[in-house]
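What the coordinates show
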Amino acid sequence: LTLRRLFCFNATSSASVTPSKKKPLVFLGSPQVAVSVLDALLKSASSPDSNFEVAAIVTQPPSRRERGRKVYPSPVAQHALDRGFPSDLILTPERAGEEMFLSNLRDLQPELCVTAAYGNILPTKFLKVPLMGTVNVHPSLLPLYRGAAPVQRALQDGVKETGVSLAFTVRELDAGPVIAYERFEVDDQIKAPELLELLFSVGSKLLIRELPSIFDGSAKVKAHPQDDSKVTLAPKLTPEESWLSFDQDATVLHNKVRAFAGWPGTRAKIAVIDESTSQCDILEPKIITTRVSSPENVQNEVDDITFIKGALVIPCGGCSTLEVLELQLPGRKVVTAVAFRNGLRGRKLKKLTED
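Residues numbered from 1 in each chain as written. Predicted model: local features only at pLDDT ≥ 70, side-chain atom pairs only at ≥ 80, totals over all residues. Heavy atoms only, no water.

Some points on the overall build of the chain
From N to C terminus, the chain includes 11 helices and 18 strands. Counting only C-alpha atoms, the chain reaches 80 × 45 × 35 Å along its principal axes. Here the chain holds 355 residues, and the buried ones make up 48% of them. Nonlocal contacts in the chain, meaning residues at least 24 apart in sequence, comprise 68% of its contacts between residues at least 6 apart. Total accessible area on the chain stands at roughly 17900 Å², and carbon and sulfur atoms take up 53% of it. The positive charge centre, built from 43 side chains, and the negative charge centre, built from 41, are 5 Å apart in the chain. (Helix = DSSP H or I, 4+ residues; strand = E, 2+ residues; numbered from the N terminus. Buried < 20%, exposed > 50% of the residue type's maximum accessible area, 1.4 Å probe, protein only. Contact = heavy atoms within 4.5 Å. Areas by Shrake-Rupley, 256 points an atom, 1.4 Å probe, with all protein chains shown as cover. Lys, Arg positive; Asp, Glu negative; His and termini not counted. Charge placed at Lys NZ, Arg CZ, Asp CG, Glu CD.)

What follows is the structure in C-alpha cells.
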C-alpha cells in the first residue's frame, strides 16, 4: 500500500504543471515483455526532433511475490523508476475505470495512449480521453488470436508463422482497425517466454515507425478493419490444462510444452518401479524441454519410458514418440534427463495417463 501511495501521490498536481510543447503520450503496460516498448518510447521521446513526451505510465498495482510476501512494483514500474522516471507519474489503478484515475488522466490531456500487455480492461470512458485514440501492440496477426494468451495459444496450435499487430483499441477485445503488422517465422523449438520477448521487441520498432502517422491522423485513414470471419480466440491459460496425456500425438504434446513454458508449465505422471521390491512410486514432474523423436526411437512396449542419447523417450499416440530433455520434480531445480536418470539407481520408468 505504501508503494502504491508513492506511485499515485501528487499525480494531480504533477499533471497541472505548465504543459510542454511536445504532445503528451501515456503508456500502459505491466510485465517484463512490455519494457521494450516503454524503452523505445522513452528513447524516441528524448531525441531532439521528437514531437511527443511520455507524460505518464500506467501499470498494474504493486503485488506480493516470493516467499517473503514483500510488495513489489510491476516490472514496467520498476524499470521506469530505475530509469529515473518521476514516481508520481507512475499511476497504478486497480481498474482503468476508477474515477480518480480518469480525472488524473484527463488532467494530463494525452494526445495518445499506447498499451502493451497492460492486463486491464479499458472501458469506454477511458477510450474517450486521448485525442488521437489508444493504440495497442498485440503479439499476433490480428484477427488471429484475440485475447489474453495469443503467443501461447499460437504455439499450442503449432503455427509456423505469427507476428505482431499495431491496432487502434475499441471496446470489443482486440477488435480495432489494424494500422500495421510484422510477420515472424516460428522456430519449432522456441518457447512462449522467448517468443513473447521477440514479438514485443519487433512491436516496439513497428510502433516507433508508425507514430508520425498516428499523430498526424493518417493512420486512422489507412488502418483496415479486421475480417471478423477469420477471428480466432486466445483465452487465458489455466493450471488445469497443464497435464500431458501421452495418448496424444508427440507433436501436440511438444507444442503444449513450448506454449505453457514459464506459466503454468506442463506436468506428467510417471511411475518409478523397483523390480527387486515391486515398489511403485508416482512422480509428477514438470516437463521443461522436449523434442519430437525420430521414428526409429518408437518403443514396442507402449508404457515403458526408455533412455536414448540423453533423453527420456516416451511412446505417445499415433505411433509417435516424445523425447524429454529437461524436467523438474516438485520443490527441486530443473535437471537434465541424464541427471534424472542417474538418480533412479536402476529403477524402471513407465508412463501414466491423466486421471
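Focus: the sheet that holds strand β9 (residues 178-185)
Read from one edge of the open sheet, seven strands run β5-β2-β1-β6-β7-β8-β9, paired in mixed fashion. If you trace the sheet from one side to the other, it starts and ends with β5 (90-91) and β9, each paired once. With five bridges connecting them, strand β1 (residues 23-29) and strand β6 (residues 112-116) associate as parallel partners. Bridged to Leu25 within β6 is Leu112. Along the sheet, helix α3 (residues 35-45) contacts β1, β2 (52-58), β6 and β7 (134-138); its crossing angle with β2, the most-contacted strand, is approximately 150°. (Pairing = 2+ DSSP bridges. Axes fitted to C-alpha atoms, helices over the stretch in contact; angles between N-to-C directions.)

So, the confidence of the model for the chain
Counting all residues, the mean pLDDT for the chain is 92, and 91% of those residues have values of 70 or more. Every residue in residues 1-19 is under pLDDT 50, and counting partners more than four places away or in other chains gives 36 contacts. (pLDDT = per-residue confidence, 0-100.)

What to know about helix α4 (residues 75-82)
Along α4, the residues classified as buried are Val76, Ala77 and Ala80. Around the axis of α4, the buried residues are gathered within 100° of arc, so they sit on the same side. A positive backbone phi angle near 85° is found at Gly84, which sits one or two residues after α4. (Arc of directions from axis to C-beta.)

Focus on the pairing of strand β16 (residues 320-328)
Across six bridges, the pairing between strand β13 (residues 286-292) and β16 is antiparallel. Paired with Val292 across the bridge in β16 is Leu322. As judged from the five bridges shared by strand β15 (residues 311-316) and β16, these two strands associate in the antiparallel manner. When the sheet's bridge partners are listed, Cys316 is paired in β16 with Ser320. The antiparallel hairpin formed by β15 and β16 contains three residues in its connecting segment, where Gly318 sits at a positive phi of about 65°. Two elements, β16 and strand β17 (residues 335-336), share two bridges in a ladder whose sense is antiparallel. Residue pairing for β17: Glu326 is matched across the bridge by Thr336. Connecting the antiparallel pair β16 and β17 is a turn made up of six residues, with Gly331 showing a positive phi of about 75°.

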